[in-house]
Amino acid sequence: ALVGAIIVGPRIGRFEGLVINPMPGHSVVLVALGFFILWFGFFAFNAVSEGGIVGDGFNVENVERAVVNTSLSAVASIISSLFILKIGISRVERVMFGRE
């Protein structure tokens, strides 16, 4: 993958000399849809794999813990991303959060 990325190079129009041009997403609706599909997949996988719903060792507390941990990890990643963006570029781009 690294060799392929080096061969292909950056997107056309991304860099002009030392200036980095922002490239907003083309569809905020598709970004939100992809986010929710991925999050639903995380919830489904973590709950089912942790609980063993059809097995003999089914324990509701393990499923609850897996679902809560999944939700808290998503919230923690959003908050840490906002913090890193705020420190790194001193402003949060509105395009990144779907408000164009």
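Residues numbered from 1 in each chain as written. Predicted model: local features only at pLDDT ≥ 70, side-chain atom pairs only at ≥ 80, totals over all residues. Heavy atoms only, no water.

Some words on the overall build of the protein chain
Counting secondary structure elements, the protein chain contains 3 helices and 2 strands. Out of the 100 residues belonging to the protein chain, those deemed buried represent 8%. Taking the contacts inside the protein chain whose residues are at least 6 apart along the sequence as the reference set, 38% of them involve residues at least 24 apart. Accessible surface, the protein chain as shown: approximately 8,400 Å² in total, 70% of it carbon and sulfur. (Helix = DSSP H or I, 4+ residues; strand = E, 2+ residues; numbered from the N terminus. Buried < 20%, exposed > 50% of the residue type's maximum accessible area, 1.4 Å probe, protein only. Contact = heavy atoms within 4.5 Å. Areas by Shrake-Rupley, 256 points an atom, 1.4 Å probe, with all protein chains shown as cover.)

A closer look at the packing of aromatic side chains
Under the definition given, this model contains 3 aromatic pairs. Centroid distance Phe35 to Trp39: 5.1 Å. Interplanar angle 55°. Geometry classified as tilted. One end of the pair, Phe35, and the other, Trp39, are both in helix H2 (residues 28-51), 4 residues apart, so they sit about a helical turn from each other. Given a relative accessible area of 21%, Trp39 falls into the partly exposed group. With centroids separated by 5.8 Å and ring planes inclined at 25°, the aromatic side chains of Trp39 and Phe43 adopt a geometry described as stacked. In this pair, Trp39 and Phe43 both sit in helix H2, 4 residues apart, roughly one turn of the helix. (Phe/Tyr/Trp six-rings, centres within 6.5 Å; stacked < 30°, edge-to-face > 60°.)

What about the confidence of the model for the protein chain?
When pLDDT is averaged along the protein chain, the result is 78; 78% of the residues meet or exceed 70. Of all secondary-structure elements in the protein chain, the lowest mean pLDDT belongs to strand S2 (residues 19-20), at 80, while helix H1 (residues 2-8) reaches the highest, 93. (pLDDT = per-residue confidence, 0-100.)

As for the side chain of Thr70
Residue position: Thr70 is located in helix H3 (residues 60-89). Note on Thr70: relative accessible area 8%, which makes it buried. At a separation of 2.7 Å, a polar atom in the side chain of Thr70 contacts the side chain of Asn46. Leaving out residues up to four positions away in the same chain, Thr70 has contacts with Trp39, Phe42, Phe43 and Asn46. (Polar contact = N/O pair within 3.5 Å; in protein donor to acceptor, adjacent residues only side chain to side chain.)

Let's talk about the environment of Ala44
With respect to the helices and strands, the residue Ala44 is situated in helix H2. The exposure class assigned to Ala44 is partly exposed, which follows from its relative accessible area of 31%. Remark: the alpha-carbon pair of Ala44 and Val67, spanning 23 residues in sequence, is separated by 8.7 Å.

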